[in-house]
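Here is how the chains run, residue by residue.
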Amino acid sequence: MRAAGALLALALLPALAAFTHGPVAAPVVVVDPGHDQYANLATEPIGPGSSLRKIKDGGGTRGAVSGLPEAVLNLRVALRLRPLLERAGVRVVMTRTQTRGRSMGNIARATIANRAHAALFLRIHADGSVDPAQRGTHTLYPALHRGWTDDVYAASLRAARDVQQEEVRALGFPDDGLQPRADYTGFNWATVPAILVEMGFMTNPTEDRLLATPAYEQRAAVGLCRGTLRFLGRSVRACG
Ligand SMILES: [Zn+2]
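Predicted model, so just to flag it, every value in this text is computed and none were measured.

**Student:** Explanation requested: the packing of aromatic side chains in the structure shown.
**Tutor:** The relative placement of two aromatic rings is captured by the distance of their centres and the angle of their planes. All chains considered together, the criterion is met by three aromatic pairs. On the numbers, 6.1 Å between centres and 55° between planes, the contact of Tyr-141 with Tyr-153 is tilted. Placement of the pair is Tyr-141 in strand S6 (residues 137-142) and Tyr-153 in helix H4 (residues 153-171), with a sequence separation of twelve residues. By relative accessible area, Tyr-153 is classed as partly exposed at 24%. A cation over a ring is seen here: Arg-219 above Tyr-216, with NZ or CZ 4.3 Å from the ring centre.

In structure tokens form, the structure reads like this:
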């Protein structure tokens, strides 16, 4: 029996090697639905070693017509995105799965992505403006800052391009393009590629009405899935 066991172990070795090295290992995507039920007005440094501090979370915006809190919309889309990515062979880590309590802040969110060695830290948000006519989809990525973001800048920009393109295609909202941000705590603390997608404007009645429907929440999730898989060099067909 012992010999048979040893033979079996030998037979399994190539399979184990494949599992630990390479194409079989699933990439990890950290999905970060922005905000939470309550704002968090405590402050945190905007980057490692910085004396400049910002509040952890101002609380997000709210639907002009739907009245939906942004935190709820972000989570709805994230919970639709998770199974799409998982079906495509991606391991998903969520920063939160409920909307209840004080927002954890952006260092905490980045730390989850860093510890997971995420291939992408995907932050899901919707925007607000004092101008109700302002609308469209845009994607933020970390501005180049030596010591903070130089290691993830190029990959983040590539991810932002891929996800923005697919999200605009999926939602059909105006393409407001990409925006580098030097002042985003969650970017400056990330040691993995990071982007933040502003799906649309909840202060615009048209986009708010649409984003509050299950059909558009699914569209948003499919766009994020396709952009993420494109960035990962995988077939986007798995997203539906
Ligand atoms: Zn937000």
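**Student:** How do you make sense of the coordination of the zinc ion when you look at a structure like this?
**Tutor:** Octahedral metals with six donors have ideal donor angles of 90 or 180 degrees. Tetrahedral metals with four donors have an ideal donor angle of 109.5 degrees. For the zinc ion, the protein coordination sphere consists of His-35 (NE2), Glu-70 (OE), Glu-70 (OE) and His-125 (ND1), at 2.1 to 2.7 Å. Here the donor residues of the zinc ion share one chain and are spaced in sequence as H-x34-E-x54-H. Of the two residues, His-35 sits in the loop between strand S1 (28-33) and strand S2 (40-45) while Glu-70 sits in helix H2 (residues 70-87), which places them 35 residues apart along the sequence. Looking at Glu-70, the relative accessible area reads 2%, which means it is buried.

**Student:** Which parts of the structure should I look at to understand the pattern of salt bridges?
**Tutor:** Within the structure shown, the criterion is met by seven salt bridges. Here Arg-169 ties to Glu-166 by a salt bridge, and the two come within 3.6 Å at their closest N and O atoms. Remark: Glu-166 and Arg-169 occur in helix H4; sequence separation between them is three residues, near one turn of the helix. When its relative accessible area of 1% is taken as the criterion, Glu-166 is described as buried. For Asp-183, the salt bridge goes to Arg-181, with nearest N and O atoms at 3.0 Å. Three or more residues are tied together by salt bridges with common partners; here these are Asp-32, Arg-109 and Arg-123.

**Student:** What should I look at first to understand the pairing of strand S7 (residues 175-181) in this one?
**Tutor:** Each regular strand shows side chains that alternate between the opposite faces of the sheet. Pairing between S6 and S7: five bridges, direction parallel. Note on S7: the bridge partner recorded for Thr-139 is Leu-178. The parallel pair S6 and S7 is bridged by H4, and the resulting crossover is right-handed.

Basis of the calculations
- Residues numbered from 1 in each chain as written.
- Predicted model: local features only at pLDDT ≥ 70, side-chain atom pairs only at ≥ 80, totals over all residues.
- Heavy atoms only, no water.
- Phe/Tyr/Trp six-rings, centres within 6.5 Å; stacked < 30°, edge-to-face > 60°.
- Helix = DSSP H or I, 4+ residues; strand = E, 2+ residues; numbered from the N terminus.
- Buried < 20%, exposed > 50% of the residue type's maximum accessible area, 1.4 Å probe, protein only.
- Lys NZ or Arg CZ within 6 Å of the ring centre and 35° of its normal.
- Donors = N, O, S within 2.8 Å, 3.2 Å for Na, K, Ca; no water.
- Salt bridge = Lys/Arg side-chain N within 4 Å of Asp/Glu carboxyl O.
- Pairing = 2+ DSSP bridges.
- Right-handed = clockwise from strand over helix to strand, strands pointing away.

The values are spatial; any link to function lies outside them.
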